[in-house]
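The chain contents come next:
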Amino acid sequence: MTTKKVSVNNMNFKANETEKKLKGSYYTPDWIAGFVARWIRHFGVQSVLEPSCGDGVFFDAVIRELSVKKLKLLGFDIDSFALDTCRRKSSVSNATLSLHHQDFLAWAIDNIQSKSPQKFDAVVGNPPFVRYQYLEKEQQTNAQKIFDLLGMKFTKHTNLWIPFVISSIEFLVPDGVIGMIIPSEILHVLYAQGLRKYLLSSCSKILLIDPEDLWFDNTLQGAMLLMARKKGKPGEESHVGITRTRGVDFANGNPYELFEQAEYIPGHLLPEKWTYALLSKEEFAAYKRVCISDAMFVFRELANVDVGIVTGANKFFLVSDAVVQRYSLSAKAHPMFGRSEHCPGIIYDHNQHDENREKGYPSNFLYFDSEQDGDIYEEYLAIGIAQNIPSRYKCRIRSPWYKVPSVFSTPVSMLKRSNGMPRLILNRMNAYTTDTAYRITPDVDVDVAALVVCFLNSVTALSAELEGRFYGGGVLELVPSEIERLAVPYIEDMGENIDKLNRDVRQMEGKTLLEKQDELLFSNTSDIDMADIAILRKALFRLQLRRQRIASDR
């Protein structure tokens, strides 16, 4: 069926989801299907596959747009009602329509293994977006089988749309084309890394239509239109382009011209993520020039990154002063922070901690590390028992359940998520942080304060947009391996500016702050052109607006 499934980075459970989400039943607007059909028309296609045809919107458009005497259409769907609708709508004389009420992946497995597999001039559609853990056992098996047959590494973090797209490309003839709606996550999520590599190895030209607006109602999931042409011969070079659109007006233009005239980056220049293709050629070149400066480093060359303390039950182990006083927990209470409101600047010290305490924030981490704690603090621990906290996974695998492991602080911290731009935090009072933040230890020859100051600039912020990931809410998230790849300038004597910068961060608007920081860090660097910094700062603001789904001028 022409569907899409919401996929957000929250702990969801199958029992809590609607049937619509579990099936991925979000149907494609006719104007998108028409745009795809007009595009494939330019390639003189005779046969079209739709692996999830649903109510037939893509077939309707293909039949309407393609004047082919012997047009062959093959479709699959597990929804019999939608399939009946498709059959009634697409009953025309100029096309041979073959519809199958079955799982496309089961058929795909047989077709891959066939001595004479069916091939198609074009594949169109909107595959179901459904998490692996929500699939039925047979679907899970089929998804993994597709990866195995094509020699690709499988992960249980995958989503159903991935094997649909892989199979579809496999069934294209040389120079065949595919037009499919896919999640915008294709650019950055780890589970799509295999697909990105497969696309580069299989397709000569890959264009992603990237809308500022949401194409589907009642979902925060961003979607893109994948338009790609399969390689006509081995060894052909791959190119990737991303075209930003706003509204539906682009669909009224010539899709073939859009595909041919888009700005592309050679595939071999792209790292593991395709977010770099969001940059224009000018921006990409400027980024490369700046990153080879002697003043620039990869973050892992400056510091180590560890996850924060994993309590297994933050609301129980992180408490306010009022809770500490009520249950006489002061001997077990230690300063902590882990949210953006806990530290609006770049320094966590006694003043910031006292401010958090006055606001009633959960600024205390409870560390029960003694064998006698179970008896001494029985009253408070009983609350956790009543809430079934000992049965939670992270708690039940340790003994006793209330002794949190790996408790240590580091001189620098960094919040896991940020709405604006990520920043390092100088931890002057050795406060603890939970797994909502990372513990960062600078190398012995790196000045801690200087690292915190240097981290705040347009190049590093842009690097975070390119290396990180975001989901429906538009909040940027970085995992340790992504932080380690960030491009960071380092100038040793910058640490003396940290207290002033801390005030600026709390008071200044982001754009003004970055302009000031860029001037401070880069203007006296002999091998960095400030014109390049200005280009990258503009690119940063555009990508931030894209993530936050705010309309930009470009």
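Scope of this entry: the structure provided in the associated data block. None of the values given here were measured: they were computed from a predicted structure.

Turning our eyes to something else, we now look at the overall build of the protein. Within the protein one finds 22 helices and 22 strands. The globule rule puts the C-alpha radius of gyration for 554 residues at 24 Å, and the 27 Å found for the protein is close to it. Considering only C-alpha atoms, the protein reaches an extent of 80 × 60 × 40 Å along its principal axes. Pairs at least 24 apart in sequence give 77% of the contacts found in the protein among residues at least 6 apart. Surface accessibility of the protein: about 24,100 Å² in total, with carbon and sulfur atoms responsible for 48%.

Taking 1.5 Å as the rise per residue, helix H2 (residues 30–41) with 12 residues should run 16 Å; its terminal C-alpha atoms sit 16 Å apart, in good agreement. Counted residue by residue, H2 has nine buried out of 12 residues, so it is predominantly covered. Those residues of H2 lying buried are Ile32, Ala33, Gly34, Phe35, Val36, Ala37, Arg38, Trp39 and Ile40. Tucked inside the fold, the buried residues of H2 contact strand E1 (47–50), helix H3 (57–65), strand E4 (120–125), strand E5 (172–183), strand E7 (223–230) and helix H9 (255–261).

Grouped together as the largest cluster of nonpolar side chains are 154 residues, with contacts concentrated most on Ile40, Ile186, Trp274 and Phe299. Among residues more than four places away in sequence, those in contact with isoleucine 186 are Trp161, Ala192, Leu195, Arg196, Leu199, Leu208, Met224 and Trp274. In this structure, Ile309, Met336, Cys395 and Tyr432 belong to the second largest nonpolar core, which totals 25 residues.

Now for helix H6 (residues 137–149). Its 13 residues place the ends of H6 18 Å apart at the C-alpha level, agreeing with the 18 Å of an ideal helix rising 1.5 Å per residue. Within H6 the residues assigned to the buried category are Gln139, Gln140, Asn142, Ala143, Ile146 and Phe147. Axial view of H6: buried residues confined to an arc of 165°, hence all on one face. The outward face of H6, more than 90 degrees from its buried face, is lined by the exposed residues Lys137 and Glu138. Looking at the packing, one finds that the buried side of H6 touches helix H5 (104–113) and helix H7 (161–170). The positive-phi residue at the C-terminal boundary of H6 is glycine 151, with phi of around 70°.

Taken as a whole and judged by the stated rule, the model has 27 salt bridges. The salt bridge involving glutamate 65 is made with arginine 64; its shortest N-O contact spans 3.8 Å. For glutamate 65, a relative accessible area of 18% puts it in the buried group. Residue arginine 64 is classed as partly exposed on the basis of its relative accessible area, which comes to 45%. In this structure, lysine 273 engages glutamate 482 in a salt bridge whose closest nitrogen and oxygen atoms are separated by 2.4 Å. Separated by 209 residues along the polypeptide, lysine 273 in the loop between strand E9 (264–266) and helix H10 (281–291) and glutamate 482 in helix H19 (residues 480–484) bring together distant segments of the chain. In terms of burial, lysine 273 and glutamate 482 fall into one category: buried.

Before going further, it helps to spend a moment on the sheet that holds strand E14 (residues 347–348). One open sheet holds the five strands; their spatial order is E11-E19-E16-E18-E14, and the pairing between them is mixed. The open sheet has two edge strands, strand E11 (303–307) and E14, and neither has a second partner. As paired elements, strand E16 (residues 412–415) and strand E18 (residues 424–427) share three bridges and run antiparallel to each other. Paired with methionine 414 across the two strands is leucine 424, which belongs to E18. Sheet strands touched by helix H17 (residues 448–455): E11, E16, E18 and strand E19 (437–442). Its angle to E18, the strand with the most contacts, is close to 155°.

For the rest of this paragraph, the subject is the environment of leucine 426. Mapped onto the fold, leucine 426 is located in strand E18. In this structure, the C-alpha to C-alpha distance between leucine 426 and tyrosine 471, residues 45 residues apart in sequence, is 28 Å. Beyond its immediate stretch of four places on either side in the chain, leucine 426 contacts Ile346, Ile347, Tyr348, Pro411, Val448, Val452 and Ile498.

Here we take up the side chain of glutamate 482. The class for glutamate 482 is buried, based on a relative accessible area of 1%. Among the polar contacts listed, one links the side chain of glutamate 482 to the side chain of arginine 469, at a separation of 2.6 Å. With residues up to four places along the chain from it excluded, the contact list for glutamate 482 reads Lys273, Glu467, Gly468, Arg469 and Glu477.

What follows concerns the packing of aromatic side chains. Aromatic rings considered in pairs are described by the distance between their centres and by the relative angle of their planes. In total, this model carries 30 aromatic pairs according to the counting rule given. Ring centres of phenylalanine 316 and phenylalanine 317 lie 5.0 Å apart, and the angle between their planes is 90°; this geometry places the pair in the edge-to-face category. By relative accessible area, which is 3% here, phenylalanine 316 ends up buried. Assessed through its relative accessible area of 0%, phenylalanine 317 is described here as buried. Taking the centre distance of 5.7 Å and the plane angle of 55° together, the rings of phenylalanine 368 and tyrosine 377 count as tilted. The class of phenylalanine 368 is buried, set by a relative accessible area of 1%. Look at tyrosine 377 and you get buried, because its relative accessible area is 9%. One aromatic cluster in this structure is built from Phe316, Phe317, Tyr327, Phe368, Tyr377, Tyr380, Trp401 and Tyr402.

So, how was this worked out
- Residues numbered from 1 in each chain as written.
- Predicted model: local features only at pLDDT ≥ 70, side-chain atom pairs only at ≥ 80, totals over all residues.
- Heavy atoms only, no water.
- Helix = DSSP H or I, 4+ residues; strand = E, 2+ residues; numbered from the N terminus.
- Rg over C-alpha atoms; globule rule 2.2 N^0.38 Å.
- Contact = heavy atoms within 4.5 Å.
- Areas by Shrake-Rupley, 256 points an atom, 1.4 Å probe, with all protein chains shown as cover.
- Expected span 1.5 Å × (residues − 1).
- Buried < 20%, exposed > 50% of the residue type's maximum accessible area, 1.4 Å probe, protein only.
- Core = buried A, V, L, I, M, F, W, Y, C linked by side-chain atoms within 4.5 Å.
- Arc of directions from axis to C-beta.
- Salt bridge = Lys/Arg side-chain N within 4 Å of Asp/Glu carboxyl O.
- Pairing = 2+ DSSP bridges.
- Axes fitted to C-alpha atoms, helices over the stretch in contact; angles between N-to-C directions.
- Polar contact = N/O pair within 3.5 Å; in protein donor to acceptor, adjacent residues only side chain to side chain.
- Phe/Tyr/Trp six-rings, centres within 6.5 Å; stacked < 30°, edge-to-face > 60°.

Any functional reading would require information that these geometric values do not contain.
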